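# Inside the fold
Here's the letter readout for the chains.
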Amino acid sequence: MKKSKKKALFLSLLISGILLCCTLVLSYAEKTYASEVGDLTETPDEEVDSADDINNGLSITYNNDSGEMAGTVKIFLVLTVLSLAPSILIMLTSFTRIIVVLHFVRQAIGTQTAPPNQVLIGLALFLTLFIMAPIFTEINETAIKPLDAGEITQEEALEIGQQPLREFMYKETQSKDLALFCDIAELEYPSTEEEYNDVPMSLVIPAFILSELRTAFIIGFVIYIPFIVIDMVVSSILMSMGMMMLPPTTISMPFKILLFILADGWNLVIGNLVKTFY
């Protein structure tokens, strides 16, 4: 045991010595490099006090004389927009109402995993693209193409691109939801379209989402009614027959699926759901 302790102590001292030597060598090399760089750089004739500098020492260098952003900055902004694309899709389009209604349809029928989530999300995504196609086309024609051609600035493109989305959200937003957020923010409720354009997007977006959720729940309640009637009828029949231990959902599910097929449920649900945006 004593020999092993002596060996461990010797190894620890050896490792500590090696680390100390490496630290001294690196610090000496850093000082030498700093002194060489200091000799090569020219000292300015007049130093600028950071307190007198209006930019606080911050400066941005462009890669050309036209004042455009560098290519790396553009790539960074594009990647940022792509990372926020799911949130933008959910918050500013018809996706929220569609996916909530489709979820209510599946729950009302009683099929827990049919259709699966991937199918519902895919259907909601393509219905959103179908509904929002005119708006996306207008944004592309009025904002993206002129910006790409250099006819307008980025601030102007952002302002022009917001306008079609504002009009869409204003049409689908209930007045009491917008009034709620205006009251919370202590702003005057817009009475005209010109005043509505002055309302910040931070108020318009949550009011729009709240209205979408309310509309989706109302549609979901209407969808639930016929399937609840089937559950009540099946439950009453089972109770009268003394089959209290048999779950009513096991018997009612085939009848609900049959009713949904005979009524052409998908055509009715999707058709009327899309028409609520027109």
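Residues numbered from 1 in each chain as written. Predicted model: local features only at pLDDT ≥ 70, side-chain atom pairs only at ≥ 80, totals over all residues. Heavy atoms only, no water.

Considering the arrangement of structural elements, one finds Ser 211 in helix α9 (residues 201–240). Owing to a relative accessible area of 0%, Ser 211 belongs among the buried residues under this scheme. Once residues lying within four places of it in the same chain are set aside, the contact partners of Ser 211 are Glu 172, Thr 173, Gln 174 and Asp 177. (Helix = DSSP H or I, 4+ residues; strand = E, 2+ residues; numbered from the N terminus. Buried < 20%, exposed > 50% of the residue type's maximum accessible area, 1.4 Å probe, protein only. Contact = heavy atoms within 4.5 Å.)

Now for helix α5 (residues 117–148). With 32 residues, α5 extends just 38 Å between its outermost C-alpha atoms, more than 12% less than the 46 Å of an ideal straight helix rising 1.5 Å per residue. Maximum bend of α5: about 60°, positioned at Met 132, with proline Pro 134 one to four residues after it. All buried positions along α5 are accounted for by Leu 120, Ala 124, Leu 127, Thr 128, Ile 131, Met 132, Ile 135, Ile 139, Ala 143 and Pro 146. Next to the buried residues of α5 lie α3 (85–92), α4 (95–109), α6 (154–172) and α11 (265–275). Where α5 ends, the next residue or the one after it, Gly 150, has phi of about 80°, a positive value. (Expected span 1.5 Å × (residues − 1). Bend = angle between axes of the 7 residues up to and from the residue.)

Relative to the 58 Å expected for 40 residues at 1.5 Å per residue, α9 spans 58 Å between its end C-alpha atoms, a close match to the ideal helical length. At Ile 225, α9 is bent by approximately 35°, the largest bend along its length, and proline Pro 226 sits one to four residues beyond.

Take a negative patch on the surface next. Residues Glu 138, Glu 167, Glu 188, Glu 193, Glu 194, Glu 195 and Asp 198 make up a contiguous surface patch of negative charge. Of all the elements, helix α8 (residues 193–197) adds the most residues to the negative patch, at 3 residues. Residue placement: Glu 194 occurs in helix α8. (Patch = residues over 30% accessible without salt bridge, like charges linked within 9 Å, V, L, I, M, F, W, Y side chains within 5 Å. Areas by Shrake-Rupley, 256 points an atom, 1.4 Å probe, with all protein chains shown as cover. Salt bridge = Lys/Arg side-chain N within 4 Å of Asp/Glu carboxyl O. Lys, Arg positive; Asp, Glu negative; His and termini not counted. Charge placed at Lys NZ, Arg CZ, Asp CG, Glu CD.)

What follows deals with the confidence of the model for the protein chain. Mean pLDDT over the protein chain: 76, with 74% of residues reaching 70 or higher. Mean pLDDT values for the elements of the protein chain range from 54 in helix α1 (residues 2–40) up to 91 in α4. (pLDDT = per-residue confidence, 0-100.)

Looking now at the packing of α4 against α11. Remark: α4 packs on α11, axes separated minimally by 11 Å, with the N-to-C direction vectors making an angle of 155°. Put simply, α4 runs roughly antiparallel to α11. α4 and α11 meet at a crossing whose hand is right-handed. In contact with Arg 97, Ile 98, Val 101, Leu 102 and Val 105 of α4, α11 contributes Trp 266, Val 269, Ile 270 and Leu 273. For the contact of α4 with α11, a count of residues per class yields 8 nonpolar, no polar and 1 charged. (Axes fitted to C-alpha atoms, helices over the stretch in contact; angles between N-to-C directions. Parallel < 35°, antiparallel > 145°, perpendicular 65-115°, else oblique. Left-handed = near helix turned anticlockwise from the far one by under 90°. Nonpolar A, V, L, I, M, F, W, Y, C, P; charged D, E, K, R; others polar.)

Attention now goes to a nonpolar patch on the surface. Taken together, the side chains of Ile 218, Phe 221, Val 222, Ile 225, Val 229, Val 233, Ile 237, Met 241, Met 243, Leu 246, Ile 251 and Phe 255 present a nonpolar region at the surface, about 1,100 Å² in accessible area. Secondary structure elements with two or more residues in the nonpolar patch: α9 and α10 (248–262). Here the nonpolar patch gets 7 residues from one element, more than from any other, and that element is α9. Its location among the elements puts Phe 221 in helix α9. The exposed category is assigned to Phe 221, whose relative accessible area is 56%.

For the rest of this paragraph, the subject is the environment of Gln 162. Along the chain, the position of Gln 162 falls in helix α6. For Gln 162, a relative accessible area of 21% translates into the label partly exposed. Considering only alpha carbons, one finds Gln 162 and Asn 197, 35 residues apart in sequence, at a separation of 9.7 Å.

As a packed pair, α4 and α9 sit with axes 9 Å apart at the nearest point and diverge in direction by 20°. Considering their axes alone, α4 and α9 lie roughly parallel with respect to each other. The hand of the α4/α9 crossing is right-handed. In this structure, α4 uses Thr 96, Arg 97, Val 100, Val 101, Phe 104, Val 105, Gln 107, Ala 108 and Ile 109 to contact α9, whose residues at the interface are Glu 212, Leu 213, Thr 215, Ala 216, Phe 217, Ile 219, Gly 220, Ile 223, Tyr 224 and Phe 227.

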